[in-house]
Amino acid sequence: MEILIYSTLGFIIGAAITFVLQKTMLQAKAKAIVSEAEKEAEVIKKDKMLQAKEKFLQLKAEHEKVINERNNKVLQGENRIKQKEDSLRLKFEDLQRKEKEIDTKKDQLSNQIQINERKAEELERAHKQQIDQLEAISGLSAQEAKDQLVETLKAEAKTEAMSLINEIIDEAKMTANKEAKKLVVQTIQRTATEHVVENSVSVFHIENDEVKGRIIGREGRNIRALEAATGIEIVVDDTPEAIILSGFDPIRREIARLALHQLVTDGRIHPARIEEVVEKTKKQVEEEIIETGKRVCIDLGIHGLHPELIRHIGKMKYRSSYGQNLLQHSKETAKLCGIMASELGLNAKAAKRAGLLHDIGKVAEDDGELPHALAGMKLAERFKEKPEICNAIGSHHEEIEMETLIAPIVQVCDAISGARPGARREIVESYIKRLKDLETIALSYPGVLKTYAIQAGRELRVIVGAEKVNDSDTEILSMNIAKKIQEEMTYPGQVKITVIRETRAVNYAK
């Protein structure tokens, strides 16, 4: 029992001693850690202070640099101000010197004015004495003599002016025709033309005749639906691989052609599909019309047109006049107008604008009872075109009076475009008849042996007998034939009549 007690006491004492020793070691270790941490903190502190010192020195250097730059700028500003002060001081001194010179000259001028006034008074007295002496000698007052002199000068000036006017008129008569022809020829030569002929029918080509039955449809319902939707007569006959689209409205014909092409390509042909395709094609053609109008305006350099006028210009692509495409004719007329206006020193842009719009009345959607020139003028007025442009449009066929120089230019260029060879198409029978009528009129005069209508009826050659018509009669004969053609015939442009007379002496050597 005692042994157990002693053992327990020994264990307790050993544990206490172990605890004391561990505590002592832990305290020593903690002191070592604290000491080491203090050393590291001292090192970190020194590093931070060193970095702060370096940062301070850097900021100080930058601050000194900024201050130096500011000081330099201030110094430069002070130098500039000083230079300006010196310059202003010199200018002020120069101004004071000039003021003194001006005062001196003013005094001199004042003295000179007084001297001139005295001289003027003396001259006035001398002039009055001379007038009194002249009036006494001539027996006329100064006013009467002045009136007589003025009347004499007026009479002489009128005589010289009339003589000069007559000379100018004679010279103009001699050169005007030549210069006008030269101007027209130069204008035509500088303009490129395009030959386009429109018909009243369009031909739609198909790959085989089986398509015709599908286009006609059961009991003709497809073709009836197509004609009702487009307003165009569709002729399906024995013509191989072709369908005829007949109608006087070329826009509708184009819509029918494009719609038919889409239907045949797609293969689905029935009334509902036909109405859908025709409506879609109408929108496409309308967009093409607007795009064409814009493109023409850009090509000609014409800007600021109302969108509705641009649309009417695009519609002219599908119209024709005597077989001449209306848009090409209008473009050609616009180019001719621009060139001719430039040659004459007028506003070329306004002339081109009037030339492009001169036939716009032919595609107007209303005013159908008016001539196309007046309809076009009203259309241009409605969309705020300038008065000179509207007058040129309305007067190019002389329905109204011309008010500006642009109007006759448009009229002349319209005639040039329409009358040039190949511009317009005629029916063969009427063309041949016109040529025969020309020759018949010339053959009706005595002394005429042969006549030849050449250059598509633009020139008539008349050959006369030398023994029946003398040289002086040829001029009279040419004038009489021209006058009779003007009175009895209708033709585009002008016809040149050339009378040829020659004497031939023929002998034979045997």
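Please refer to the structure higher up on the page.
Throughout this document, residue positions are counted from 1 along each chain, in the order its sequence is written. It should be noted that, the model being predicted, local features are given only for residues of pLDDT at least 70 and side-chain atom pairs only at 80 or more, the latter also being counted only at that level, while totals for whole chains, interfaces and linings use all residues. Values shown for side chains rest on all heavy atoms present in the structure; no hydrogens or waters enter the calculation.

Draft legend 1. View of the state of the cysteines. Here, the term disulfide refers to a pair of cysteine sulfur atoms separated by no more than 2.5 Å. Under the defined criterion, the tally for this structure stands at zero disulfides. For the unlinked cysteine C413, the closest cysteine sulfur is that of C337, found at 3.8 Å.

Draft legend 2. Seen up close, the sheet that holds strand β6 (residues 448–454). Note: two strands are recorded as paired if DSSP finds a minimum of 2 bridges between them. Per the convention used, a helix needs a DSSP run of H or I reaching at least four residues, while a strand needs a run of E reaching at least two, with both numbered from the N terminus. Reading across the sheet, the three strands line up as β6-β7-β8 and stay open at both edges, with mixed pairing between neighbours. Of all the strands in the sheet, the pair left with one neighbour each is β6 and β8 (496–501). The mean inter-strand angle of the sheet, taken between neighbouring strand axes irrespective of direction, is 20°. By the bridge criterion, six bridges tie strand β7 (residues 459–464) to β8 in an arrangement that is parallel. Residue pairing across strands places I463 opposite I500, the latter belonging to β8. In this analysis, two residues are considered to be in contact whenever any of their non-hydrogen atoms come within 4.5 Å of each other. The axes are straight lines fitted to the C-alpha atoms, using for helices just the contacting stretch, and the angles between their N-to-C directions are given from 0 to 180°. Strands β6, β7 and β8 of the sheet are contacted by helix α14 (residues 471–488), whose axis makes an angle of about 150° with β8.

Draft legend 3. Spotlight on the pairing of β7. By the bridge criterion, six bridges tie β6 to β7 in an arrangement that is antiparallel. Considered in β7, the bridge of V448 is made with V464.

Draft legend 4. Just the nonpolar core, in detail. Side-chain atoms within 4.5 Å link the members of a nonpolar core, which is a set of buried Ala, Val, Leu, Ile, Met, Phe, Trp, Tyr and Cys residues. For every residue, the accessible area obtained with a 1.4 Å probe (protein chains only) is divided by the maximum for its type, and the residue is called buried under 20%, exposed over 50%, and partly exposed between those limits. Residues L305, I313, M316, L356, L357, I360 and I406 are the most contacted members of the largest nonpolar core, which totals 38 residues. Mapped by element, the contributors of at least two residues to this core are α6 (271–300), α7 (307–315), α8 (326–343), α9 (348–357), α10 (372–382), α11 (387–394) and α12 (406–419). Considering every element that reaches this core, the biggest residue donor is α8, with seven residues. Beyond its immediate sequence surroundings of up to four residues, I406 is in contact with A350, A351, A354, E388 and A392. Of all hydrophobic cores here, the second largest spans 24 residues; its members include I243, I255, A256 and L260.

Draft legend 5. Highlighting unusual backbone geometry. Even without being a glycine, K384 presents a positive backbone phi close to 65°. Along the chain, K384 falls in the loop between α10 and α11. On the accessibility criterion, K384 (73% relative accessible area) is exposed. Positive phi is not limited to glycine here, since E398 has a value of about 65°. Residue placement: E398 occurs in the loop between α11 and α12.

Draft legend 6. Seen up close, the pattern of salt bridges. Any Lys or Arg side-chain nitrogen found within 4 Å of a carboxyl oxygen on Asp or Glu counts as a salt bridge. Here the structure, examined in full by the defined rule, presents 15 salt bridges. A salt bridge links D471 to R501; the shortest N-O distance between them is 2.8 Å. Within this pair, whereas D471 is found in helix α14, its partner R501 is found in strand β8, the two being separated by 30 residues in sequence. Among the residues examined, D471 registers a relative accessible area of 55% and is labelled exposed. The network of salt bridges with common partners includes E288, E291, R295 and K317.

Limitation: the analysis is restricted to geometry and does not speak to function.
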